[in-house]
Amino acid sequence: MRQQKTSFNTIFYILRELNWYLESQLGINLRVFIRSMVGIGKFFKDYFLFRRLFRARHSLKICLGDYLQQSGNAADEYFFQDLYVAQKILRANPSIHIDVGSRLNGFVAHVASFREIIVYDIRSQHACVENIKFISKDFTETEQEVGVADSVSCLHALEHFGLGRYGDKISPTAFDDGLKNLFNLVSFLGYLYLSVPIGIPKIVFNSHRVLDPLRIIRLSKAHGFELVDFAYYSDQSFTKSLEIESDIDRLSKCGYSLGIFTFRKLNEKNR
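The shown structure was predicted, so the numbers you read here are calculated from the model rather than taken from an experiment. (Residues numbered from 1 in each chain as written. Predicted model: local features only at pLDDT ≥ 70, side-chain atom pairs only at ≥ 80, totals over all residues. Heavy atoms only, no water.)

1. Here we look at the overall build of the protein chain
Next up, step 1: Broken down by element type, the protein chain carries seven helices and ten strands.
Next up, step 2: Each principal axis of the C-alpha atoms in the protein chain carries an extent, and together these give about 75 × 50 × 35 Å.
Next up, step 3: Looking at the 271 residues of the protein chain, the share that counts as buried comes to 38%.
Next up, step 4: For the protein chain, restricting intrachain contacts to residue pairs at least 6 apart in sequence, the fraction spanning at least 24 positions comes to 65%.
Next up, step 5: Accessible surface for the protein chain amounts to roughly 16,500 Å². Of this, 56% is attributable to carbon and sulfur atoms.
Next up, step 6: Measuring between centres, the 34 positive side-chain charges of the protein chain sit 8 Å from its 29 negative side-chain charges. (Helix = DSSP H or I, 4+ residues; strand = E, 2+ residues; numbered from the N terminus. Buried < 20%, exposed > 50% of the residue type's maximum accessible area, 1.4 Å probe, protein only. Contact = heavy atoms within 4.5 Å. Areas by Shrake-Rupley, 256 points an atom, 1.4 Å probe, with all protein chains shown as cover. Lys, Arg positive; Asp, Glu negative; His and termini not counted. Charge placed at Lys NZ, Arg CZ, Asp CG, Glu CD.)

2. Focus: the nonpolar core
Next up, step 1: Within the largest apolar cluster, 31 residues are counted, with the highest numbers of intra-cluster contacts made by L158, L182, L192, L194, V196, I216 and F261.
Next up, step 2: At six residues, the largest contribution of residues to this core is made by helix 5 (residues 174–185).
Next up, step 3: Every residue in contact with V196, bar those within four places of it in the chain, is listed here: L158, E159, F175, L211, I216, S257, L258, G259 and F261.
Next up, step 4: By size, the runner-up hydrophobic cluster in this structure holds 17 residues, among which are V119, L155, Y233 and I260. (Core = buried A, V, L, I, M, F, W, Y, C linked by side-chain atoms within 4.5 Å.)

3. What to know about the side chain of T140
Next up, step 1: As for its position among the elements, T140 is in the loop between strand 3 (132–136) and strand 4 (149–155).
Next up, step 2: Reaching out from T140, the side chain makes a polar contact with the side chain of D138 at a distance of 2.7 Å. (Polar contact = N/O pair within 3.5 Å; in protein donor to acceptor, adjacent residues only side chain to side chain.)

4. Topic: helix 7 (residues 244–251)
Next up, step 1: Every buried residue belonging to helix 7 is among D247, I248 and L251, and all of these are buried. In a view along the axis of helix 7, the buried residues occupy a sector of 95°, so they form one face of it.
Next up, step 2: Next to the buried residues of helix 7 lie strand 5 (186–198), helix 6 (213–222), strand 8 (225–234) and strand 10 (257–265). (Arc of directions from axis to C-beta.)

5. With respect to the pattern of salt bridges
Next up, step 1: Counted by the stated rule, this structure contains eight salt bridges.
Next up, step 2: We note a salt bridge from R103 to D82, for which the minimum N-O separation is 2.7 Å. Note that R103 is positioned in the loop between strand 1 (97–100) and helix 4 (104–112) and D82 in helix 3 (residues 77–92), a separation of 21 residues in sequence.
Next up, step 3: D249 serves as the salt-bridge partner of K253, at 3.0 Å between the closest nitrogen and oxygen.
Next up, step 4: Residue class for K253 comes out exposed when judged on its relative accessible area of 54%. (Salt bridge = Lys/Arg side-chain N within 4 Å of Asp/Glu carboxyl O.)

6. A few points about helix 2 (residues 30–53)
Next up, step 1: Taking 1.5 Å per residue, 24 residues should reach 34 Å; helix 2 reaches 34 Å between its end C-alpha atoms and fits that length.
Next up, step 2: Of all the bends in helix 2, the largest measures some 40° and sits at G39.
Next up, step 3: When we look at burial in helix 2, the residues that qualify are S36, G39 and F43. (Expected span 1.5 Å × (residues − 1). Bend = angle between axes of the 7 residues up to and from the residue.)

7. What to know about the pairing of strand 4
Next up, step 1: Across the seven residues that make up strand 4, a large majority, six, are buried.
Next up, step 2: In the sheet, strand 1 pairs with strand 4 via three bridges, with the strands oriented parallel. In the sheet register, I98 faces strand 4, and the bridge partner there is V152.
Next up, step 3: Bridge count for strand 4 against strand 5 is six bridges, and the pairing is parallel. Of the residues in strand 5, the one forming a bridge with S153 is Y193.
Next up, step 4: Following the backbone out of strand 4, through helix 5 and into the adjacent parallel strand 5, one traces a crossover that is right-handed. (Pairing = 2+ DSSP bridges. Right-handed = clockwise from strand over helix to strand, strands pointing away.)

8. Quick look at the sheet that holds strand 10
Next up, step 1: An order of 3-2-1-4-5-10-8-9 is seen for the eight strands of this open sheet, with the pairing classed as mixed. The sheet is open, and its two edges are formed by strand 3 and strand 9 (237–240), each paired on a single side. Each strand axis lies, on average, 20° off the axis of its neighbour in the sheet, ignoring direction.
Next up, step 2: Of the strands in this sheet, strand 1, strand 4, strand 5, strand 8, strand 9 and strand 10 touch helix 3, which is tilted by about 15° from strand 10.
Next up, step 3: In the packing of helix 7 onto the sheet, contacts are made with strand 5, strand 8 and strand 10, and the angle to strand 8 comes to roughly 55°. (Axes fitted to C-alpha atoms, helices over the stretch in contact; angles between N-to-C directions.)

9. Examining a nonpolar patch on the surface
Next up, step 1: On the surface, F33, I34, M37, V38, I40, F44, F48, Y67 and L68 cluster together to form a nonpolar patch covering roughly 870 Å² of accessible area.
Next up, step 2: Note that L68 resides in the loop between helix 2 and helix 3. (Patch = residues over 30% accessible without salt bridge, like charges linked within 9 Å, V, L, I, M, F, W, Y side chains within 5 Å.)

10. What to know about the packing of helix 5 against helix 6
Between two packed helices, what matters for the description is the angle formed by their axes and the separation of those axes.
Next up, step 1: Between helix 5 and helix 6, the shortest axis-to-axis distance is 11 Å and the interhelical angle comes to 45°. Classified by the angle between their axes, helix 5 and helix 6 sit oblique to one another. Remark: the crossing between helix 5 and helix 6 carries right-handed chirality. Contacts between helix 5 and helix 6 involve F175, D176, L179 and F183 from the first element and R215, I216, L219 and S220 from the second.
Next up, step 2: Residues belonging to the contact of helix 5 with helix 6 are distributed by class as follows: five nonpolar, one polar and two charged. (Parallel < 35°, antiparallel > 145°, perpendicular 65-115°, else oblique. Left-handed = near helix turned anticlockwise from the far one by under 90°. Nonpolar A, V, L, I, M, F, W, Y, C, P; charged D, E, K, R; others polar.)

Have a look at this one:
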């Protein structure tokens, strides 16, 4: 039984990765295609019924797979991460909040609904949106601001630095350089909200890194920060950790989870 479950998980992982490549790199979505094929029969059945009930002139726009979908996607790591951190910022009500590279149509939009947010990203952005100030910047460069914001976020972005995926320069040390710049950006007693894939360390070139969470915590302490909160998304579930040390130690030995760290800057000499 356990072997069957392992085989099923392997097949599911392969299909998920295949769908990711086809959709994100070639514009082909297997799930949408399969749902559409299933929906053809239902469409014709529904349309013939509608024609019997309504004979006046009308137009046609075929939607084959929508009836199989849920009412929006509330079951992935981005959904929980974006909502969780945005709610923390709402409660903290900082003077200045700066974000580095997080998702515009998720976390940034959440925060912009109730306050101003400054967004740094290596990619250009030409939209003009109320409450959002866009600044194009390579955050791995050594010369960055120091101690300018009491609230800083970088969600599901830092693991991509230096791998060329978003037009950034190739650099094996880009993660460490970017993390140092994030630490320096935070003012004394300010907060840093950071999320990255965690587990057994590895680099998947051009895509992302998986980081050792224990190493991230060691680096934070070296820069005068304390871990004050931790949550994670693993095995398709979101957890607000109560046993922080034991959870982080366990997750450091696993293949992949999303770790969401809340650090506070407590060392005044690092302002």
